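The residues making up each chain are set out below.
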Amino acid sequence: MKAIRRFTVRPVLPDPLRPLSDLARNLRWSWHTETRDLFQSVDPERWAASGGDPVRLLGSVPPERLTELAEDRRFLRRLTTVADDLHDYVTGDRWYQTQSGELPAAVAYFSPEFGITAALPQYSGGLGILAGDHLKAASDLGVPLIGVGLLYRHGYFRQTLSRDGWQQEHYPVLDPNELPVALLKESDGTPAQVALALPGGRFLRARIWLAQVGRVPLLMLDSDIEENDLGERGVTDRLYGGGSEHRLLQEMLLGIGGVRAVRTYCRLTGHPEPEVFHTNEGHAGFLGLERIAELSDTGLEFDSALEAVRAGTVFTTHTPVPAGIDRFDRELVARHFGPDAELPRIDVERILQLGMETYPGGEPNLFNMAVMGLRLAQRANGVSLLHGNVSREMFSGLWPGFDPDEVPITSVTNGVHAPTWIAPEVFQLGARQIGAERAEDAFSDGGSDRWDAVADIPDQDIWELRRTLREQLVTEVRERLRASWRQRGAGTAELGWIDGVLDPDVLTIGFARRVPSYKRLTLMLRDRDRLMDLLLHPERPIQIVVAGKAHPADDGGKRLIQELVRFADDPRVRHRIVFLPDYGMAMAQKLYPGCDIWLNNPLRPLEACGTSGMKAALNGCLNLSVLDGWWDEWFQPDFGWAIPTADGVGTDPDRRDDIEASALYDLLEQRITPRFYERGPAGLPDRWIEMVRQTLTLLGPKVLAGRMVREYVERLYAPAARAHRTMGPDAARELAEWKTRLRRYWHAVRVDHVETSATTATAELGTTLTLRVRVALGDLAPDDIEVQAVSGRVDSEDRIADATTVPLKPAGGPDVEGRWMYEGPLSLDRTGPYGYTVRILPAHRLLATGAELGLVAVPSEDVVEGAGVLMR
């Protein structure tokens, strides 16, 4: 029979065990070994059955066991130690508290998904895991972050396979009362709420659930409440589900509702108000509109409020392709704002202007969330050096007249939270070498001096560790494979072969990620005979573990999974290659450490960063990857292999796949497998172990989320906080009025004449020329602009590369025609073809960069001809 109503019955803990509740409700347990060990000792069998979730564990432990533990002095001593450690962790000074300078009092970090732990399934893949690692690293460093997201009642889908290998989706209902979260409540005990106005006088209301991630509160909005109509209750049903309007409402709730939730949380708890708002991808871009509305309510005009909001906003883009960005029809967005809907006091046209693709190549009827994110943020970044370049190119239309390398989008390369992703055995090896406390600091904060200690670990210890981890993976794979085949309809009698799947002494390759076409799940199948030869080689075999989910609407991705599953089902190779369904955090934490090689073969440059290889590297797994994302930035032959890229203009996709697959097979056959199986005098693979050592020593400190968050603080959060403090109402009005005036009169700004002291087309290295430039400024003044000389080497088409810019100084004017003379030195500091040009940029003390307005004046063709522009 089916229950007509469901309750969550919580255990009543005896007084001595009350700290267990606090430990279970703070998600630090998900990356703190001692806390997890404590919970496991409560009841090892129930701990395993709960999937390592303390809240579920405590809900299932019999009262008599709790009574027994309440009288167990040894357990109580451990409990006190762990509880005291958590108290010190959340209250003591950490890295952030020891920094000098103007740091933000608080930072609000908005993301559509957060991968903290499998016990809180609110993530689909890389973006969510990255956001979770960002929160954890911020907590470890003491950064006063507030996370903001949505609580999805179905989370992301669970994946199984049909008998013929087709992906099937299941959406289990999540009861927040059974999750490690608590309702945020008003002082009278009623649940705190935020509300958004919808067209037609309706409202979208949401409660706020609080997850405590170490020191960092994570606020998650949930619309599945009785006060909403059925349609509104479903807004937070699924992550990345539904049609355009459904997605728009999710993103309005995340951005606008999220700011209101932050204000509510700070009011109720006394937490400092954020000075910096960080938008993790465009999904949360509407947060800037809500903050403009807040300032408009204090009497600030729209343009001034926009400048004040931009000053304290950071925008991170994660997508390298326009197709990966949420875009909405103009009319759909217009319907949800204005007098009869949300933000009624803001002119709808002003809202639309922020997101419309009003640039060459854009679609002027589409509202682009990333474009709005960039227009609402004074600081923006990509997530690897290469992705920064790709992003500057992709969004260069917003800054016409500037070369892509001057587009104001920087990069902060992603990192991963080592305490979450390293195997306990890896930590223990580090702790034996340098002590537990120093090892903990090395994994959370970095510092290459601590990682250098890897050099002193004996080869035998490293090799034994790698074999132990591989053996654990083999056990895990067999269990998951058996469960998967049962779900596919196989009987126990059919599955005896699974006991022989994988071998703990065979080179093990891992490939696990989302399955869009550009990640090329099936590139390894390009030449099946060659792959079979590798899998079944008599002396140097390989084995491959594959996992991944295709988006529910992506039939192309599902066909790729089915193709791989059918190959892995072949009795000839099924002991050497497996596909594991339902890839998620719990599986990943076993998979990364147990592999010897982490394979990544996307179409370059479509992988923004690709952090799975970082997690593998932290466990001594070597990377075999296309030079894309982070691997393009940090690859060295000392610790991995690069798959050559066939990305010439004339190469069609099929031929490209053939060439790159062939290169992958060559690397495996000729370089990788021989190195793994080759033994030195002591019977160990010396050269392989040295690559593992180099991976840990050289990559370890770089790939940490602690390094990433420190970079965000120093390069983006601190400057944004300073700009926010500077941009009070008067400064915001001043900047807004100046920008309006500049745009109005910029058409009259031009370079009239350029001359140098050079008399010939050649000059000696080290020569300094005098450059004189006459400019017309119209109704603007010299204080409004900067005249620059731009110089550097030139290519065959006279384009300047590696440009150096030098500001020129006013030398006289205005003349009778209102023109000004500027002059300055031009140093010829490089040999070979050399060129210069001049340009005029807007200049104001409150601008973050001269490119901010996208305005520039350069010499006309007539001026160029008489300027002696090139030195050859």
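Residues numbered from 1 in each chain as written. Predicted model: local features only at pLDDT ≥ 70, side-chain atom pairs only at ≥ 80, totals over all residues. Heavy atoms only, no water.

Asks: So what exactly am I meant to see when it comes to the pairing of strand E17 (residues 577–580) here?
Replies: A regular strand carries its side chains on alternate faces of the sheet. Residues Ile577 and Phe579 line one face of E17 and the alternating positions Val578 and Leu580 line the opposite face, and both faces are buried. Note: strand E16 (residues 542–547) against E17, four bridges, orientation parallel. Residue pairing in the sheet places Ala547 in a bridge with Leu580 of E17. (Buried < 20%, exposed > 50% of the residue type's maximum accessible area, 1.4 Å probe, protein only. Helix = DSSP H or I, 4+ residues; strand = E, 2+ residues; numbered from the N terminus. Pairing = 2+ DSSP bridges.)

Asks: Please explain the state of the cysteines as it appears in this structure.
Replies: What makes a disulfide is a covalent bond joining the sulfur atoms belonging to two cysteines. Counted by the stated rule, this structure contains zero disulfides. Counting only cysteine sulfurs, Cys621 is the nearest neighbor of Cys595, a cysteine outside any disulfide, at a range of 5.6 Å. The exposure class of Cys621 is buried, given its relative accessible area of 0%. (Disulfide = S-S within 2.5 Å.)

Asks: Help me understand the pattern of salt bridges in this model?
Replies: Side chains that differ in charge, positive against negative, can pair when their charged atoms come close. Applying the stated criterion across every chain, the model contains 68 salt bridges. One salt bridge connects Arg158 with Asp582, and the closest N-O pair in it is separated by 2.6 Å. Residue Arg158 is located in strand E3 (residues 158–161), and its partner Asp582 is located in the loop between E17 and helix H23 (585–594); the two are separated by 424 residues in the primary sequence. In this structure, Arg247 and Asp326 form a salt bridge, with 2.9 Å as the shortest nitrogen-oxygen distance. Pair noted here: Arg247 is in helix H9 (residues 244–269) and Asp326 is in the loop between strand E10 (313–316) and strand E11 (327–329), with a separation of 79 residues, a long-range link. Residue classification places Arg247 among the buried residues on the basis of a relative accessible area of 17%. One salt-bridge network, in which partners are shared between bridges, spans Arg520, Arg526, Asp654, Arg656, Asp657, Asp658 and Glu660. (Salt bridge = Lys/Arg side-chain N within 4 Å of Asp/Glu carboxyl O.)

Asks: Can you help me understand unusual backbone geometry in this one?
Replies: The phi torsion of most residues other than glycine is negative, and most of the peptide bonds are trans. The step from Arg604 to Pro605 runs through a cis peptide bond, and the omega angle for that step is 5°. Structurally, Pro605 can be placed in the loop between strand E18 (597–600) and helix H24 (612–617). Phi at Tyr240 takes a positive value of approximately 60°, unusual for a residue other than glycine. Secondary-structure assignment places Tyr240 in the loop between helix H8 (230–233) and H9. The class of Tyr240 is buried, set by a relative accessible area of 15%. Despite not being glycine, Leu502 shows a phi value in the positive range, around 65°. Of note, Leu502 is situated in the loop between helix H20 (459–487) and strand E15 (507–512).

Asks: Explain the sheet that holds E15 to me, please; I cannot follow it from the model alone.
Replies: Spatially, six strands are ordered E17-E16-E15-E18-E19-E20 in an open sheet, and the strand pairing comes out parallel. The strands lining the two open edges of the sheet, one partner per strand, are E17 and strand E20 (640–643). If you compare each strand with its neighbour and ignore which way they point, the axes differ by 20° on average. Pairing of strand E19 (residues 622–626) with E20 involves four bridges; the strand directions are parallel. Within E20, the residue paired with Leu624 across the bridge is Trp641. Across the sheet, helix H26 (residues 653–677) is in contact with E15, E16, E18, E19 and E20; its angle to E20 comes to roughly 165°. The strands that helix H27 (residues 686–699) touches are E15, E18, E19 and E20; relative to E19, the one it contacts most, it runs at about 80°. (Axes fitted to C-alpha atoms, helices over the stretch in contact; angles between N-to-C directions. Contact = heavy atoms within 4.5 Å.)

Asks: I keep staring at the nonpolar core and nothing clicks. Help me out?
Replies: Side chains of a nonpolar character, in soluble globular proteins, are inclined to be buried together. Counting residues in each nonpolar core, the largest one holds 109 residues, and the members touching the most others are Met524, Ile544, Ile597, Leu624, Trp641, Ile672 and Trp688. With nine residues, H20 is the largest single contributor of residues to this core. Contact partners of Met524, with chain neighbours within four places excluded, come to Phe511, Leu531, Ile544, Val546, Leu564, Ile577, Leu599 and Tyr665. Residues Ala206, Ala284, Met369 and Leu853 belong to the second largest nonpolar core, which totals 97 residues. (Core = buried A, V, L, I, M, F, W, Y, C linked by side-chain atoms within 4.5 Å.)

Asks: Honestly, the layout of surface pockets in this entry has me stumped. Any pointers?
Replies: By volume, the second largest pocket amounts to about 1,600 Å³. The wall of the second largest pocket is formed by 49 residues, among which Ser30, His32, Thr33, Arg36 and Pro424 lie closest to the centre. Elements supplying a minimum of two residues to the lining of the second largest pocket: helix H2 (33–42), helix H3 (44–49), helix H6 (73–91), helix H16 (418–421), helix H17 (424–434), helix H18 (436–445), H20 and H23. In the lining of the second largest pocket, the residues fall into 20 nonpolar, 13 polar and 16 charged. (1 Å grid on protein atoms, 1.4 Å probe; cavity = no way out; pocket = protein on both sides within 12 Å on 5 of 7 lines; lining within 4 Å. Points joined across faces, edges and corners; volume = space filled by probe spheres on them. Nonpolar A, V, L, I, M, F, W, Y, C, P; charged D, E, K, R; others polar.)

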